[in-house]
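Residues per chain are reported as follows:
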Protein chains: 4
Amino acid sequence: MSDPAPDSVPDPTLPPAGSHAAYSYLGPAGTYTEAALRQVRAAEGAPWRSVNNIGEALADVLQGRSVAAMMAIENTVEGGVAAVLDLLAGTPDLRIVGEYLVPVRFALLARPGVALADVHTVVAHPVAHAQCRRWLHAHAPSHTQLPATSNVQAAQFLAEHDGDLADAAIAPPDVHDRFGLAVLADDIGDNPNAVTRFVLIARAGSHVPPPITGADKTSIVVDLPSDRPGALLALLEQFATRGVNLSLLQSRPIGDELGRYRFVIDLDGHVGDERVAEALLGVRRSSPRVLFLGSYPRADQRRVAVAEPHVDTVYAEARAWLASITAP
Amino acid sequence: MSDPAPDSVPDPTLPPAGSHAAYSYLGPAGTYTEAALRQVRAAEGAPWRSVNNIGEALADVLQGRSVAAMMAIENTVEGGVAAVLDLLAGTPDLRIVGEYLVPVRFALLARPGVALADVHTVVAHPVAHAQCRRWLHAHAPSHTQLPATSNVQAAQFLAEHDGDLADAAIAPPDVHDRFGLAVLADDIGDNPNAVTRFVLIARAGSHVPPPITGADKTSIVVDLPSDRPGALLALLEQFATRGVNLSLLQSRPIGDELGRYRFVIDLDGHVGDERVAEALLGVRRSSPRVLFLGSYPRADQRRVAVAEPHVDTVYAEARAWLASITAP
Amino acid sequence: MSDPAPDSVPDPTLPPAGSHAAYSYLGPAGTYTEAALRQVRAAEGAPWRSVNNIGEALADVLQGRSVAAMMAIENTVEGGVAAVLDLLAGTPDLRIVGEYLVPVRFALLARPGVALADVHTVVAHPVAHAQCRRWLHAHAPSHTQLPATSNVQAAQFLAEHDGDLADAAIAPPDVHDRFGLAVLADDIGDNPNAVTRFVLIARAGSHVPPPITGADKTSIVVDLPSDRPGALLALLEQFATRGVNLSLLQSRPIGDELGRYRFVIDLDGHVGDERVAEALLGVRRSSPRVLFLGSYPRADQRRVAVAEPHVDTVYAEARAWLASITAP
Amino acid sequence: MSDPAPDSVPDPTLPPAGSHAAYSYLGPAGTYTEAALRQVRAAEGAPWRSVNNIGEALADVLQGRSVAAMMAIENTVEGGVAAVLDLLAGTPDLRIVGEYLVPVRFALLARPGVALADVHTVVAHPVAHAQCRRWLHAHAPSHTQLPATSNVQAAQFLAEHDGDLADAAIAPPDVHDRFGLAVLADDIGDNPNAVTRFVLIARAGSHVPPPITGADKTSIVVDLPSDRPGALLALLEQFATRGVNLSLLQSRPIGDELGRYRFVIDLDGHVGDERVAEALLGVRRSSPRVLFLGSYPRADQRRVAVAEPHVDTVYAEARAWLASITAP
């Protein structure tokens with residue numbers, strides 16, 4: 001493996017891995033998830049396991065078949081990916097160890113000879129379908145959507161089945177060759193800057209958060225107490241009073257009844273930052289359940305801006321002051 | 001139409017409809033969406049349009065082909081249904097005019113003669129798939145999911161295609177007869193009390209919110225200003241300071257870049273309640289964009305509890321006091 | 001009376017006053033209160049009543065002997081003047097109609113021939129005494145304070161009684177001539193920029209607040225509910241959520257038991273400003289008792305800065321939006 | 001000294017005192033301050049220094065002439081006693097080591113033969129005068145107040161000077177004998193339950209707060225940053241988010257210009273309670289200046305009620321959780 005580029009995201013501190021430690025990802029080859037995994041230098045040369053669903057990927061990690069698994073966790077259109085968030089929220093022994101961004105682009109592929117006017121059924125991963133909503137509304141307003149399990153599987157499905165099932169597929173443009181398909185329309189996504197955020201997930205085990213870089217992110221899952229009306233307000237104040245900014249706040253139903261929520265939260269900073277540790281302590285004290293998913297370097301490497309009263313030196317100074325009072 | 005049961009939810013005040021005014025729902029027949037539509041007394045005897053996707057349903061309403069459309073908006077496992085929330089958030093001229101609850105139940109269906117051990121690919125609507133996660137993890141851990149557009153379409157797909165594509169379908173148990181399928185396992189949902197919440201959507205036009213019943217809900221969509229860190233905190237305070245409780249708070253990405261959010265909010269009360277009107281005014285003043293989706297009777301008919309300082313009479317008294325100061 | 005200077009504080013809109021309508025102030029002549037009254041153009045040529053205590057001044061107003069009374073309400077050292085604040089808080093039918101600032105300066109006066117070393121007892125108004133604390137601590141550390149009812153009365157008392165009672169007085173330097181006293185030390189105040197804020201108080205009667213000038217102040221008294229721990233926090237949020245800044249927040253005991261408080265509040269803005277009216281309505285709804293003391297032009301004529309979401313046009317726009325929803 | 005009564009307030013942990021360590025109080029003998037000092041068992045048999053003003057009392061403590069000084073800090077009518085609060089706020093090296101409550105009662109005393117109708121000038125300590133406001137307004141509406149330095153000094157002054165200066169005095173009823181005065185009217189205070197709160201003040205030196213009793217109070221002084229509008233709101237949130245209740249919140253001007261405030265705060269709990277320590281750290285980090293005045297047993301011995309999330313065991317549990325994350 002080559003030396004890391006000076007300005008690249010640090011490699012995750014993965015649990016000790018043998019020479020054959022594998023990495024799992026949602027296949028088949030060619031998906032954006034695979035593209036994210038290609039950004040992990042530690043994964044170069046290791047075996048890669050293409051799996052069928054994210055539950056299988058997590059099982060690989062928990063049962064030791066893989067050292068880590070790559071998953072899409074947030075995208076420009078869907079926000080937090082519900083199924084992944086819920087799996088993380090429901091599985092205690094996991095850690096996010098790295099974050100990766102992949103620009104996404106969509107094309108409408110069809111079997112050679114099929115025209116846009118002939119398209120009645122479009123096979124597409126639901127997220128990709130959502131990302132192309134405006135284009136589809138304009139060009140194929142009454143199409144039926146046949147969901148696929150991944151963008152690449154959509155193209156593969158179209159190539160392997162005849163026109164009874166589907167007429168076109170939404171897929172990354174560069175896979176059309178591989179399946180002998182034609183590009184009916186390129187760049188059909190609603191947002192030209194669409195990006196998907198991926199995380200690399202390992203087993204918590206004895207995982208220690210990587211060192212503070214100053215450009216870190218921390219992910220947690222917090223169940224709200226159901227019996228307190230201002231519970232979310234109180235939760236947000238735990239962060240606001242410590243100057244901790246949130247970059248993701250995704251409500252997810254706890255699942256037992258309508259109206260009961262947990263929140264998946266990404267916050268700017270590292271559990272080793274005093275303000276973040278304090279906020280996590282405050283959240284832990286007031287919530288029935290908090291799950292720590294990890295502190296890890298941000299993919300965009302943007303340093304976290306911290307206002308004066310919330311920097312570590314101010315915390316240290318305040319503690320010294322308190323000590324001078326209680327044990328002068 | 002029979003007289004309404006004395007304790008049933010009031011019928012929505014729909015826009016004037018001719019004798020042939022139609023209702024749209026996500027088909028085919030037998031879906032839970034159809035079951036929800038059966039609860040609408042005004043829809044009895046009217047034509048029902050089974051559509052292929054929710055965009056088509058909304059187009060029916062906006063273009064006058066239907067007087068209203070029924071859609072699933074929240075379920076026990078997924079929370080707010082992302083695609084529906086986003087369509088509502090992006091379509092200005094709509095109103096929610098009624099709310100309906102449908103208990104949901106899932107079975108694993110297969111072609112006769114197929115055993116559980118033979119199941120490798122399961123066709124299922126993504127939400128149904130998510131609701132059966134624990135059962136599937138225990139009984140078919142490495143299955144591939146083939147998404148379907150609805151629970152009924154999953155069964156239909158299984159019945160119409162051979163074993164190359166799928167071995168089993170997740171569907172409501174009572175449709176197995178209709179498609180000649182066997183029930184491999186019943187009640188496979190993770191939550192025996194699972195319920196889906198549906199809303200009936202009409203064109204805003206000159207729609208006036210129905211009268212206050214005391215057991216009402218109001219739905220809005222609020223874009224957060226991107227440049228203010230405590231923006232969500234400030235938004236929630238608009239409700240908290242008026243004693244307005246929220247029953248749904250679902251973050252949705254605005255869609256232009258990662259980290260920009262809007263919130264779909266259901267709040268207890270009616271726009272005609274003073275505290276709700278005040279809160280909406282406060283939200284409107286501080287948000288770049290607020291979309292009013294409607295005030296309507298709650299399906300569960302549970303009366304909204306309002307603390308003393310937030311009842312209408314206290315608002316009236318305070319206004320009288322202010323008037324006595326400014327124009328004695 | 002000359003034309004008002006274009007940039008002077010507008011004269012208060014006083015209740016209709018006959019040619020002989022009097023003004024009351026805490027005497028004797030020469031006090032800073034009299035200096036404040038000299039700033040009121042409407043009082044030129046009218047009879048001035050010098051009274052012995054502030055209760056008497058308010059009685060003059062309430063019983064119609066005076067059209068208004070001038071009182072010190074806040075000073076650099078004491079903050080809100082407790083006795084005045086409590087009288088205002090306990091007297092429902094009053095209005096503050098004008099605000100005036102008077103710079104204050106203190107000297108130590110003594111009978112001719114007395115040296116600083118001879119000073120054992122200092123007669124002084126408690127507020128003046130407090131304003132000279134540092135000087136006294138340095139130059140007369142073990143003096144006894146004999147309180148006076150006003151700065152001028154201190155000098156008068158010293159002049160009229162022999163050395164058994166007091167050796168020196170704290171008073172405005174320019175009164176020494178009048179009482180035949182010598183200046184032992186001038187400018188003995190701790191703060192060279194000390195200022196006292198006076199208010200002109202009239203009977204509420206049918207008093208209408210003067211027009212909005214854009215540089216206004218509003219004074220209220222709010223009793224906190226005793227049974228709610230976060231009551232003050234909730235009170236302050238009523239102002240914060242409407243962008244209303246407070247320039248005075250003075251706690252005063254309600255007086256029935258320790259720990260029960262009311263707050264005297266000066267806020268930036270006029271009751272005719274929408275954000276102020278809204279905040280007052282919110283406070284009124286959540287407090288057991290609110291007393292409106294008046295909206296009046298600020299003595300410093302500094303215009304109130306209002307952030308975008310809190311200006312009147314935004315209120316009007318939001319109301320129009322709400323109307324379009326409820327009665328389209 | 002006798003054994004402490006089992007349910008009495010614990011004696012303060014005073015700095016080591018020699019056998020002749022003195023206690024200072026505002027005299028003369030017979031004042032309520034002396035009555036408060038009589039409640040301190042450690043002061044029995046020690047020399048008591050009667051001083052003329054509170055600055056002198058503090059100087060006694062700072063310069064070692066006394067081991068501690070007793071001062072009135074809050075009363076039912078005036079709230080926090082301004083001069084004492086300001087002296088404490090401006091003197092860094094002090095600690096409140098004990099709290100004492102004294103019920104107060106007022107009578108109108110006069111020289112024998114003087115009738116109520118003859119009373120034109122009343123000599124009274126300003127706080128006592130304020131506590132009898134309603135009675136005086138009813139029975140001597142146009143009297144002149146001649147301030148005294150203490151309640152007892154008022155009676156003494158009346159006894160020692162002739163009728164030219166004063167006709168009556170407000171004083172504790174039981175001092176009339178001592179000065180040969182008659183009781184013109186007893187129980188003239190507005191509030192029959194009036195109580196004054198005293199504190200015993202020692203030098204901070206190496207003073208360690210006394211042990212937690214579960215019925216403790218902590219006093220601090222906090223300067224607000226002048227440049228932040230919501231500064232008080234943010235300050236109060238530091239307490240509210242930790243479930244710390246405030247029993248005194250007294251605004252005091254910082255003294256350099258109008259509108260700049262500090263707050264004297266009494267909070268329920270002991271600096272050794274985790275929630276209190278956390279709140280103090282939060283306040284210290286966000287305020288330009290915090291002065292710790294002491295943690296000490298409450299005079300009323302009422303145990304502090306702490307909600308579940310704020311008890312020490314929950315703090316310990318949260319810290320253990322955080323440790324398990326950062327160093328598993």
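The rules we used
- Residues numbered from 1 in each chain as written.
- Chains lettered and ligands numbered in written order.
- Predicted model: local features only at pLDDT ≥ 70, side-chain atom pairs only at ≥ 80, totals over all residues.
- Heavy atoms only, no water.
- Helix = DSSP H or I, 4+ residues; strand = E, 2+ residues; numbered from the N terminus.
- Contact = heavy atoms within 4.5 Å.
- Areas by Shrake-Rupley, 256 points an atom, 1.4 Å probe, with all protein chains shown as cover.
- Pairing = 2+ DSSP bridges.
- Axes fitted to C-alpha atoms, helices over the stretch in contact; angles between N-to-C directions.
- Buried area = accessible area lost by both parts, 1.4 Å probe.
- Salt bridge = Lys/Arg side-chain N within 4 Å of Asp/Glu carboxyl O.
- Polar contact = N/O pair within 3.5 Å; in protein donor to acceptor, adjacent residues only side chain to side chain.
- Least-squares fit on C-alpha atoms with pLDDT ≥ 70 in both.
- Domains from an automatic or database assignment.
- Nonpolar A, V, L, I, M, F, W, Y, C, P; charged D, E, K, R; others polar.
- Buried < 20%, exposed > 50% of the residue type's maximum accessible area, 1.4 Å probe, protein only.
- Parallel < 35°, antiparallel > 145°, perpendicular 65-115°, else oblique.
- Left-handed = near helix turned anticlockwise from the far one by under 90°.
- Expected span 1.5 Å × (residues − 1).
- Phe/Tyr/Trp six-rings, centres within 6.5 Å; stacked < 30°, edge-to-face > 60°.

**Student:** I'm lost on the overall build of chain A in this one. Help?
**Tutor:** Helix and strand content of chain A: 10 helices and 15 strands. In chain A, 76% of the contacts between residues at least 6 apart in sequence involve partners at least 24 apart. Summed over its atoms, the accessible surface of chain A is roughly 12,300 Å², and 52% of this surface lies on carbon and sulfur atoms.

**Student:** What exactly am I supposed to notice about the sheet that holds strand β9 (residues 168-171) of chain C here?
**Tutor:** Strand pairing in a sheet is mediated by backbone hydrogen bonds. Such pairs are either parallel or antiparallel. Residue and element names in this part refer to chain C. In space, the 5 strands of this open sheet follow the order β8-β7-β9-β6-β10, with mixed pairing throughout. Each edge of the sheet is formed by a strand with only one pairing partner; in this case those strands are β8 (144-147) and β10 (182-185). Looking at each pair of strands side by side, their axes are set apart by 35° on average, direction ignored. Bridge count for strand β7 (residues 121-124) against β8 is 4 bridges, and the pairing is parallel.

**Student:** Quick question: what am I supposed to make of the environment of Gly113(B) here?
**Tutor:** Position of Gly113(B) relative to the elements: it lies in the loop between β6 (107-110) and β7 (121-124). Along the chain, Gly113(B) and Val127(B) lie 14 residues apart, while their C-alpha atoms are 27 Å from each other.

**Student:** It is not clear to me how the interface of chain C and chain D should be interpreted in this structure. Could you clarify?
**Tutor:** One frequent convention defines the size of an interface as the accessible area lost when the parts assemble. On the side of chain D, 52 residues touch chain C, which itself brings 53 residues to the contact. At the boundary of chain C with chain D, total buried surface from both sides reaches about 4,000 Å², with 57% on carbon and sulfur atoms. There are 0 salt bridges connecting chain C and chain D. Our count for the chain C to chain D interface comes out at 1 residue pair in polar contact (both at pLDDT 80 or more).

**Student:** Help me out: how do you make sense of the relation of the copies chain C and chain D in this one?
**Tutor:** The operation relating the pair of chain copies consists of a rotation about an axis and a translation along that axis. For the match of chain C to chain D, the screw axis carries a shift of 0.0 Å, the RMSD comes to 0.2 Å, and the turn is 180°. What the rotation and shift describe, once combined, is the action of a two-fold rotation axis. Considering only C-alpha atoms, the residue of chain C closest to the rotation axis is Pro147(C), which sits at 2.3 Å. When the interface residues of chain C are mapped onto chain D, 98% of them are again interface residues, pointing to one common binding face.

**Student:** In this structure, what is going on with the domain arrangement of chain A? I would like to understand it.
**Tutor:** Residue and element names in this part refer to chain A. By domain assignment, chain A separates into domain 1 (23-103 + 195-297) and domain 2 (107-185). Between the C-alpha centres of domain 1 and domain 2 there is a distance of 31 Å. In this assembly, domain 1 packs against domain 2 so that about 820 Å² is buried in total across both faces, 62% of it on carbon and sulfur atoms. For the pair domain 1 and domain 2, the number of links is 1 residue pair in polar contact (both at pLDDT 80 or more). Partitioned by chemical class, the residues of the side of domain 1 that touches domain 2 number 5 nonpolar, 4 polar and 1 charged.

**Student:** For this particular structure, what's the right way to read the environment of Val221(C)?
**Tutor:** All names here are of chain C. Mapped onto the fold, Val221 is located in strand β12 (residues 216-223). Residue Val221 is classed as buried on the basis of its relative accessible area of 0%. For Val221 and Ile265, which are 44 residues apart along the polypeptide, the C-alpha to C-alpha distance reads 6.1 Å. Apart from the residues lying within four places of it in its own chain, the contact partners of Val221 are Ala89, Arg262, Phe263, Val264, Arg289, Val290, Leu291 and Leu293.

**Student:** So what exactly am I meant to see when it comes to the interface of chain B and chain A here?
**Tutor:** With 53 residues of chain B at the interface, the matching set in chain A holds 52 residues. One can count 0 salt bridges joining chain B with chain A. At the boundary of chain B and chain A, one finds 0 residue pairs in polar contact (both at pLDDT 80 or more). When contributions to the side of chain B that touches chain A are tallied by element, the ones reaching two or more residues are β3 (66-75), α3 (82-90), β8 (144-147), α6 (151-160), β11 (195-203), α8 (231-240), β13 (246-253) and β14 (261-268) of chain B.

**Student:** Is there a simple way to think about the relation of the copies chain B and chain A in this case?
**Tutor:** Between the two copies, chain B and chain A, the superposition gives an RMSD of 0.1 Å; the rotation angle is 180° and the shift along the axis is 0.0 Å. Both copies contact each other with a shared surface, as 98% of the interface residues of chain B are interface residues in chain A too.

**Student:** Is there a simple way to explain the packing of helix α8 (residues 231-240) of chain C against helix α9 (residues 274-286) of chain C in this structure?
**Tutor:** Packed helices, taken two at a time, are described by the angle their axes make and the gap between the axes. All names here are of chain C. At a closest axis distance of 8 Å, the pairing of α8 and α9 adopts a crossing angle of 160°. Considering the angle they form, α8 stands roughly antiparallel to α9. α8 and α9 meet at a crossing whose hand is right-handed. Only Ala279, Gly282, Val283 and Ser286 of α9 make contact with α8, whose side of the interface consists of Leu235, Gln238 and Phe239. Grouping the amino acids of the contact of α8 with α9 by side-chain chemistry returns 4 nonpolar, 3 polar and no charged.

**Student:** For this particular structure, what's the right way to read the side chain of Thr144(C)?
**Tutor:** Note that Thr144(C) resides in strand β8. Contacts of Thr144(C), omitting those with residues within four sequence positions, involve His120(C), Thr121(C), Val122(C), Asn52(D) and Thr149(D).

**Student:** Sorry if this is basic, but what is going on with unusual backbone geometry here?
**Tutor:** The bulk of non-glycine residues show a negative phi, and the bulk of peptide bonds are trans. Residues and elements named next belong to chain C. Phi angles above zero are rare outside glycine, and Asp187 is one such case at about 50°. Of note, Asp187 is situated in the loop between β10 and β11 (195-203). The class for Asp187 is exposed, based on a relative accessible area of 51%.

**Student:** Is there a simple way to think about α6(B) in this case?
**Tutor:** A turn of α-helix holds 3.6 residues, and therefore any two residues three or four places apart point the same way. With 7 of 10 residues buried, α6(B) lies mostly within the body of the structure. Along α6(B), the residues classified as buried are Asn151(B), Val152(B), Gln153(B), Ala154(B), Ala155(B), Phe157(B) and Leu158(B).

**Student:** So what exactly am I meant to see when it comes to the pairing of strand β3 (residues 66-75) of chain A here?
**Tutor:** Working note: regular strand, side chains alternate between the two faces of the sheet. Residues and elements named next belong to chain A. Most of β3 sits out of view: 9 of its 10 residues are buried. One ladder, built from 4 bridges, connects strand β1 (residues 22-26) with β3; its direction is parallel. Among the inter-strand pairings, Tyr25 is bridged to a residue of β3, identified as Met70. Bridge count for β3 against strand β11 (residues 195-203) is 6 bridges, and the pairing is antiparallel.

**Student:** Would you take a moment to explain α9(C) for this structure?
**Tutor:** Residues and elements named next belong to chain C. Across its 13 residues, α9 extends 19 Å between first and last C-alpha, which sits within 8% of the 18 Å expected from 1.5 Å per residue. For α9, a buried count of 11 out of 13 residues is recorded, marking the element as mostly surrounded by other parts of the structure. For α9, every residue scored as buried is listed here: Glu274, Arg275, Val276, Ala277, Glu278, Ala279, Leu280, Leu281, Gly282, Val283 and Arg285.

**Student:** Just checking my understanding: could you explain the packing of aromatic side chains for this structure?
**Tutor:** Two measures describe an aromatic ring pair: the distance that separates the ring centres and the angle between the ring planes. Residues and elements named next belong to chain C. Under the counting rule described, the total for this entry stands at 8 aromatic pairs over all chains. With centroids separated by 6.3 Å and ring planes inclined at 70°, the aromatic side chains of Tyr25 and Trp48 adopt a geometry described as edge-to-face. Here Trp48 lies in strand β2 (residues 48-51) and Tyr25 lies in strand β1 (residues 22-26), a separation of 23 residues in the sequence.

**Student:** What's the story with the sheet that holds strand β14 (residues 261-268) of chain A in this structure? I'm lost.
**Tutor:** Residue and element names in this part refer to chain A. Within the open sheet, the 4 strands sit side by side as β13-β14-β12-β15. Their pairing is antiparallel. Since the sheet does not close on itself, it has two edges, and those belong to β13 (246-253) and β15 (289-297), each with one partner. Pairs of neighbouring strands in the sheet enclose a mean axial angle of 15°, with direction left out of account. Relative to the sheet, helix α8 (residues 231-240) contacts β12 (216-223), β13 and β14, its axis offset from that of β14 by approximately 15°.

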